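# Structure assessment
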Amino acid sequence: MADTDLNDAAPSRVTRLAKQAGGTVFTLLITFIGLLAVTFFISRVVPTDPVMSILGERATQAQIDETRTALGLDRPMWEQFGIYVWDALHGDLGTSIRTKEPVIDEIARYFPATLELSTIATIIGMLIGVPAGILAATKPGSLFDQIVRLVGLMGYSMPVFWLGLMGLLIFYGQLGWVGGPGRLDAAYDMMMQFEVEPYTGMILVDTLLNGRWDIFQNALSHIILPAALLGYLSMAYISRMTRSFMMNELGQEYITTARVKGMPEGRVIWVHALKNVMVPLITVVALSYSFLLEGAVLTETIFAWPGLGRYITDALLVADMPAVLGGTIVVGAVYIGINMFSDLLYRLVDPRAK
Amino acid sequence: MTLLSVRNLRVTFDTETGPVEAVRGVSFDLGRERLGIVGESGSGKTMTGRSMLRLIRPPGRIEADAMTFDGTDLMAATETQMRALRGPRMAMVMQDPKYSLNPVMKVGAQLMEGLHQRDRVGRTEAYAKAVAALNAVQIRDPERVMEAYPHELSGGMGQRVMIAMMLIPNPDLLIADEPTSALDVTVQAEVLSILDGLVRDRGMGLIFISHDLRLVARFCDRVLVMYKGRVVEEVAARDLLNARHPYTQGLLNCLPRIGGNRGPLPGLDRTAEWAR
Ligand SMILES: Nc1ncnc2c1ncn2[C@@H]1O[C@H](COP(=O)(O)OP(=O)(O)OP(=O)(O)O)[C@@H](O)[C@H]1O
Ligand SMILES: [Mg+2]
């Protein structure tokens, strides 16, 4: 009889999720090692000889041999790769040729700046993009819909450096409403270095944890413009996708069912449809977020923002391979991490996900 | 006493290739009785039913010379007035529960939604009412079904959940669109007797949309036969199986002949129409 067709899914949902999380972590590990294989391969193929770039042109053969042994380059390839993976998993991404500092330490300084910026940008993009996309979808063709579309289109087509420079010119240069390039004014920069315990490397978070409201405000005035710019780009993407997801959901039969029950239009859209829109939207937001985290190089350059994108580009320009590859590994790891997180969230939101 | 009166109802979809007329001048009156609507797939049964609730979405539009429900002019009513009617006054059991239930909301939440939102009924009371409604449609483990998501239900369970959901606010008019097509015979009989009881005891008006001519002939009082958006014949249900209209006869010819000692009747062959 039909009653027995009810799957035994509901009570064990949490355990199921936990199992899936375990599976995902495994996949993540495999993907990460795959990523390392690629960077390893690149590091052995590129014409810059690591020994030469450390010792310089005029090294003696003895010195070269010694360094080769120290770097493990005399061992078989597979063993080198094993060591490479082992080191990477323990946070050793090699030493920067340019600064002679461990790459991981440098990235630990640069990455929080990017994290802070992209997180705020993504929040701005979501807070504006999702409601805008939904409202546009409920009245397709309306003036509001046209405006959202136009503003979004501008976000796609305007050159970022132009927007950034205009923003600086107007809001910093002319109006003085925001701070200039960099994360802090020079004076606050000193205070930040000597008076604030750097728990996270994110200035907004650290100053709050240290109770330094003055530095927080200064940092906020600096981050607001680049965050708004990146938030705008993120908003353009998110609003467009939200609109199309919403249009699709509003055409579904369950929407009519909710109306048949006499539910007000607000509830039909913001509860019934939105719950369904959230499912594909998770992927979109994650994509937009990881895109920003990979380093919005142009924005970081214009705003003198010491972030990951800047770090990798600068390293690339002086052929600092360990730094470039280390940065690439971190970017890849971030990408994989966000993917895993959005995957889990997706399963949490969509009961149909296996 | 007339509950619903419809005159010259038309539903038109303005498509890129020109207007498509899904309903072309349907008229009927409904008392506190069981009115069947039969007709092949695409003949406009669902669109007729939805017009009563004014829930045809763009690009579709409704026109009618008159459409009144219990004294309310449905064509002139504001959207707010319509919303007040939907649910507690008129409801519709949607055709395909697979698509008509919200896939990411628990069945229980969907059942209790009207009670919470409109009637401001508390948690325990709403829960009890929902469980009772599920019990009434022969669902044996209502507590589990309340916790389930729609994709975890079989087709027959989905139909019963849909019926329960629409009956909870006690509507005066129920439009039931293929409400029992996925139910097996005993459950179907049980569900029909519930609907029957509501018509007889509470004076509910019922529009029963179906492909199953035998079922309609047995269960309803009157039957509209629809073809290509028009009512081609209106007959008393007991006369349906002897109807004269060539289209109705054509539909009847699809039924297997009576007299053979086979098992349960297969009814109209629906496979071609359902497979779209
Ligand atoms: N969005 C639309 N655009 C154009 N035509 C439509 C649209 N929706 C429905 N129709 C038309 O309306 C007609 C009637 O559809 P309806 O759903 O009422 O048929 P039905 O009798 O309920 O069929 P079934 O038995 O398959 O449920 C169909 O022929 C279809 O072509
Ligand atoms: Mg139909």
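Residues numbered from 1 in each chain as written. Chains lettered and ligands numbered in written order. Predicted model: local features only at pLDDT ≥ 70, side-chain atom pairs only at ≥ 80, totals over all residues. Heavy atoms only, no water.

### Let's talk about the overall build of chain B
What chain B contains, in helices and strands, is 11 helices and 11 strands. By the compact-globule yardstick of 19 Å for 276 residues, chain B fits well, its C-alpha radius of gyration being 19 Å. For chain B, with 276 residues in total, the buried portion stands at 55%. Here chain B has roughly 12300 Å² of accessible surface; of this, 50% comes from carbon and sulfur atoms. Averaging the coordinates of the 35 positive side-chain charges in chain B and doing the same for the 33 negative ones gives two points 1 Å apart. (Helix = DSSP H or I, 4+ residues; strand = E, 2+ residues; numbered from the N terminus. Rg over C-alpha atoms; globule rule 2.2 N^0.38 Å. Buried < 20%, exposed > 50% of the residue type's maximum accessible area, 1.4 Å probe, protein only. Areas by Shrake-Rupley, 256 points an atom, 1.4 Å probe, with all protein chains shown as cover. Lys, Arg positive; Asp, Glu negative; His and termini not counted. Charge placed at Lys NZ, Arg CZ, Asp CG, Glu CD.)

### Here's the deal with the packing of aromatic side chains
Residues and elements named next belong to chain A. Enumeration over the complete set of coordinates arrives at six aromatic pairs over all chains. With a centroid separation of 5.2 Å and an interplanar angle of 55°, the aromatic rings of phenylalanine 40 and tyrosine 84 are classed as tilted. Of the two residues, phenylalanine 40 is situated in helix α1 (residues 13-45) and tyrosine 84 in helix α4 (residues 77-89); the sequence distance between them amounts to 44 residues. In this pair, the class of phenylalanine 40 matches that of tyrosine 84, namely buried. Consider the rings of tryptophan 213 and phenylalanine 216, whose centres lie 5.1 Å apart with planes at 10°: the pair is stacked. A residue pair is termed a helical-turn pair when its members lie 3 or 4 positions apart in one helix, as tryptophan 213 and phenylalanine 216 do in helix α10 (residues 213-250) at three residues. An aromatic cluster is defined as three or more aromatic residues linked by ring pairs; in this entry it consists of Phe40, Phe81 and Tyr84. (Phe/Tyr/Trp six-rings, centres within 6.5 Å; stacked < 30°, edge-to-face > 60°.)

### Considerations on the sheet that holds strand β9 (residues 205-209) of chain B
Residue and element names in this part refer to chain B. Taken together, six strands build an open sheet; the order of strands is β7-β8-β9-β3-β10-β11 and the sheet is mixed. Only two strands of the sheet have a single partner each, and these edge strands are β7 (90-93) and β11 (230-236). With direction set aside, neighbouring strand axes in the sheet form an average angle of 15°. The pairing of strand β3 (residues 34-39) with β9 spans four bridges and is classified as parallel. For arginine 34, the partnering residue across the bridge sits in β9 and is leucine 206. (Pairing = 2+ DSSP bridges. Axes fitted to C-alpha atoms, helices over the stretch in contact; angles between N-to-C directions.)

### Description of the packing of helix α7 (residues 160-174) of chain A against α10(A)
All names here are of chain A. The geometry of α7 relative to α10 is characterised by a closest axis approach of 10 Å and an angle of 140° between their N-to-C directions. By the angle between their directions, the pair α7 and α10 is classed as oblique. Like other packed secondary-structure pairs, α7 and α10 cross with a definite hand, here right-handed. Within the contact between the two elements, α7 uses Val160, Leu163, Gly164, Gly167, Leu168 and Phe171 and α10 uses Leu225, Leu229, Tyr232 and Leu233. Of the residues belonging to the contact of α7 with α10, the class tally is eight nonpolar, two polar and no charged. (Parallel < 35°, antiparallel > 145°, perpendicular 65-115°, else oblique. Left-handed = near helix turned anticlockwise from the far one by under 90°. Contact = heavy atoms within 4.5 Å. Nonpolar A, V, L, I, M, F, W, Y, C, P; charged D, E, K, R; others polar.)

### Considering the pattern of salt bridges
Residue and element names in this part refer to chain B. The tally for this structure, following the rule as stated, stands at 32 salt bridges over all chains. Between glutamate 147 and lysine 106 there is a salt bridge whose closest N-O contact spans 2.9 Å. Of this pair, glutamate 147 sits in helix α6 (residues 142-147) while lysine 106 sits in the loop between α3 (97-100) and α4 (107-117), placing them 41 residues apart in sequence. Residue glutamate 147 is classed as partly exposed on the basis of its relative accessible area, which comes to 38%. Notably, a salt bridge pairs arginine 118 with aspartate 119, separated by 3.7 Å at the nearest N-O pair. Residue classification places arginine 118 among the partly exposed positions, given a relative accessible area of 30%. (Salt bridge = Lys/Arg side-chain N within 4 Å of Asp/Glu carboxyl O.)

### Description of the domain arrangement of chain B
One frequently used descriptor of interface size is the decrease in accessible area upon assembly of the parts. Residues and elements named next belong to chain B. Taken as a whole, chain B is organised into domain 1 (4-89 + 173-275) and domain 2 (97-170). Computed over C-alpha atoms, the centres of domain 1 and domain 2 are 24 Å apart. Carbon and sulfur atoms make up 66% of the area that domain 1 and domain 2 hide from each other, which totals about 1200 Å². Interface area lost by domain 1 to domain 2 is led by Pro88, Ile194 and Arg202, which between them contribute 30%. (Domains from an automatic or database assignment. Buried area = accessible area lost by both parts, 1.4 Å probe.)

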